[in-house]
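Reading the structure
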Amino acid sequence: MFSYHKDLTVFALFNDNDHSTTVALSESSERKIGHVVVWNDNNTPQIYKVNKGEIMEAESPKDVRDVNSKPLDLVGSRKPPAFTGRSLKAPLAPIRHSWNS
């Protein structure tokens with residue numbers, strides 16, 4: 001995972017055996033809305049607009065939805081370990097702060 005321009009753009013790659021999910025988070029022209037691009041394996045990338053506060057409050061990747069309530073597929077064919085949003089909040093606090101300001 002890495003970020004650019006003071007965490008306004010974040011890129012993350014998640015691998016599990018032969019499957020991967022790539023996620024890019026970026027700002028939009030609307031203060032509370034961000035863009036999320038998700039690539040699962042070699043599938044077509046999916047582009048979403050998300051409420052930045054809601055994405056950081058999600059308890060599970062399955063709980064993340066775009067502004068139209070469409071679920072984001074942040075898992076694809078991977079079998080990730082179980083974790084909650086709370087377990088990630090501490091390391092992501094700087095990103096959350098920059099997205100909410």
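Cut-offs applied
Residues numbered from 1 in each chain as written. Predicted model: local features only at pLDDT ≥ 70, side-chain atom pairs only at ≥ 80, totals over all residues. Heavy atoms only, no water. Buried < 20%, exposed > 50% of the residue type's maximum accessible area, 1.4 Å probe, protein only. Helix = DSSP H or I, 4+ residues; strand = E, 2+ residues; numbered from the N terminus. Pairing = 2+ DSSP bridges. pLDDT = per-residue confidence, 0-100. Polar contact = N/O pair within 3.5 Å; in protein donor to acceptor, adjacent residues only side chain to side chain. Contact = heavy atoms within 4.5 Å. Core = buried A, V, L, I, M, F, W, Y, C linked by side-chain atoms within 4.5 Å. Salt bridge = Lys/Arg side-chain N within 4 Å of Asp/Glu carboxyl O.

With respect to burial, strand β4 (residues 33-40) is a largely interior element, six of its eight residues being buried. Inspection of the sheet shows strand β3 (residues 19-27) paired to β4 by seven bridges, in the antiparallel sense. What sits directly across from Leu25, in β4, is Val36. The pairing of β4 with strand β5 (residues 46-51) spans six bridges and is classified as antiparallel. Along β5, the bridge assignment pairs Val36 with Tyr48.

Looking at the protein as a whole, its pLDDT mean stands at 80, while 72% of the residues score no less than 70. Mean pLDDT across the elements of the protein ranges from a minimum in strand β1 (residues 2-4), with 57, to a maximum in β5, with 93.

Before going further, it helps to examine the side chain of Ser28. Within the secondary structure, Ser28 is located in the loop between β3 and β4. Classification of Ser28 as buried rests on a relative accessible area of 18%. Engagement of the side chain of Ser28 in a polar contact is seen with the backbone oxygen of Glu30, the distance being 3.1 Å. In this structure the side chain of Ser28 is engaged in a polar contact, spanning 2.7 Å, whose partner is the backbone oxygen of Ile33. Among all residues touching Ser28, those that are not within four sequence positions of it are Ile33, Gly34 and His35.

This brings us to the nonpolar core. Note that soluble globular proteins tend to have their nonpolar side chains buried in a common cluster. Counting residues in each nonpolar core, the largest one holds 13 residues, and the members touching the most others are Val36, Tyr48, Val50, Ile55, Val64, Leu72 and Leu74. Of all the elements in the fold, those that place two or more residues in this core are β3, β4, β5 and α1 (52-57).

Summed over the entire model, instances satisfying the criterion amount to two salt bridges. The partner of Lys52 in a salt bridge is Glu27, with the nearest N and O atoms 3.1 Å apart. Linking Lys52 in helix α1 with Glu27 in strand β3, this pair joins segments that are 25 residues apart in sequence. In this structure Lys52 comes out as buried when scored by relative accessible area, which is 1%. For Glu27, a relative accessible area of 29% corresponds to the partly exposed category. A salt bridge links Lys49 to Glu30; its shortest N-O distance comes to 3.1 Å. Of this pair, Lys49 sits in strand β5 while Glu30 is found in the loop between β3 and β4, placing the two residues 19 residues apart along the sequence.

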